[in-house]
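# A structural walkthrough
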Amino acid sequence: FMMRLPQAAGIVDGLADHTIPAMMAVSVNLDPSVFSLEAAPGKPGWGQAPAVLRFLQEELVPWLDARYRTRPFRIGFGSSSSAIFAIYALFSAPDLFQVAIAAGPMFAETDYARVSGILEAALTRRAPKRGWLFFTQGDQPEISKDLESFQAMLRRHAEAGRTSLRWSFDPEPRENHGSLGP
């Protein structure tokens, strides 16, 4: 599942030469604002992440499973605001996605303290006992502190034994937010 089909379809197509098993790419193709974790004054439609997550769990995945020969292994991919959503979905519904790929999660466009609180609460409630998170970020000094805080939160949960989620951060110093996303 991805929020940006062209990039994901290209990745799947490029790896389909026996590098990866057969895979189906599905895009929810929604306005990026609906993936936000919190409502924002003056921004209608923001804060719909829980509703999008319910849609994936209760409607889209069952519909796909009923019509296609699927396996219970799903990857969520997002860029920018949908990257934050991919992380949220992995933490909130660990049976929905086993892997989240977050290209340029845009902490800088949100109130990081509130968003990190939402992510940490989700991780605390439903910590994935397995799973993998890969996230990357371009050269964006304005969010380096947020990225360090996010990684520290992941380390605290792992060290306390609250999750066995594996994660990897890949900084991309020659990239920027625009070149990581669509």
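Everything in this summary refers to the structure shown in the same document. Just so you know, these numbers come straight off a predicted model, no measurement behind them.

With their axes 11 Å apart at the nearest point, helix α2 (residues 49–67) and helix α3 (residues 81–92) run at an angle of 60° to one another. On the basis of their axis angle, the class for α2 and α3 is oblique. Considering the relative orientation of α2 and α3, their crossing is right-handed. Where α2 abuts α3, its residues A49, P50, V52, L53 and L56 lie against F85, Y88, A89 and S92. Residue composition of the contact of α2 with α3, grouped by class: eight nonpolar, one polar and no charged.

A complete count under the given rule lists one salt bridge for this structure. Between E120 and R156 there is a salt bridge; the shortest N-O distance is 3.4 Å. With E120 in helix α4 (residues 112–126) and R156 in helix α5 (residues 144–159), the pair connects residues that are 36 residues apart, well separated along the chain. Taking relative accessible area as the criterion, R156 reaches 40% and is therefore assigned partly exposed.

Procedures and definitions
Residues numbered from 1 in each chain as written. Predicted model: local features only at pLDDT ≥ 70, side-chain atom pairs only at ≥ 80, totals over all residues. Heavy atoms only, no water. Axes fitted to C-alpha atoms, helices over the stretch in contact; angles between N-to-C directions. Helix = DSSP H or I, 4+ residues; strand = E, 2+ residues; numbered from the N terminus. Parallel < 35°, antiparallel > 145°, perpendicular 65-115°, else oblique. Left-handed = near helix turned anticlockwise from the far one by under 90°. Contact = heavy atoms within 4.5 Å. Nonpolar A, V, L, I, M, F, W, Y, C, P; charged D, E, K, R; others polar. Salt bridge = Lys/Arg side-chain N within 4 Å of Asp/Glu carboxyl O. Buried < 20%, exposed > 50% of the residue type's maximum accessible area, 1.4 Å probe, protein only.

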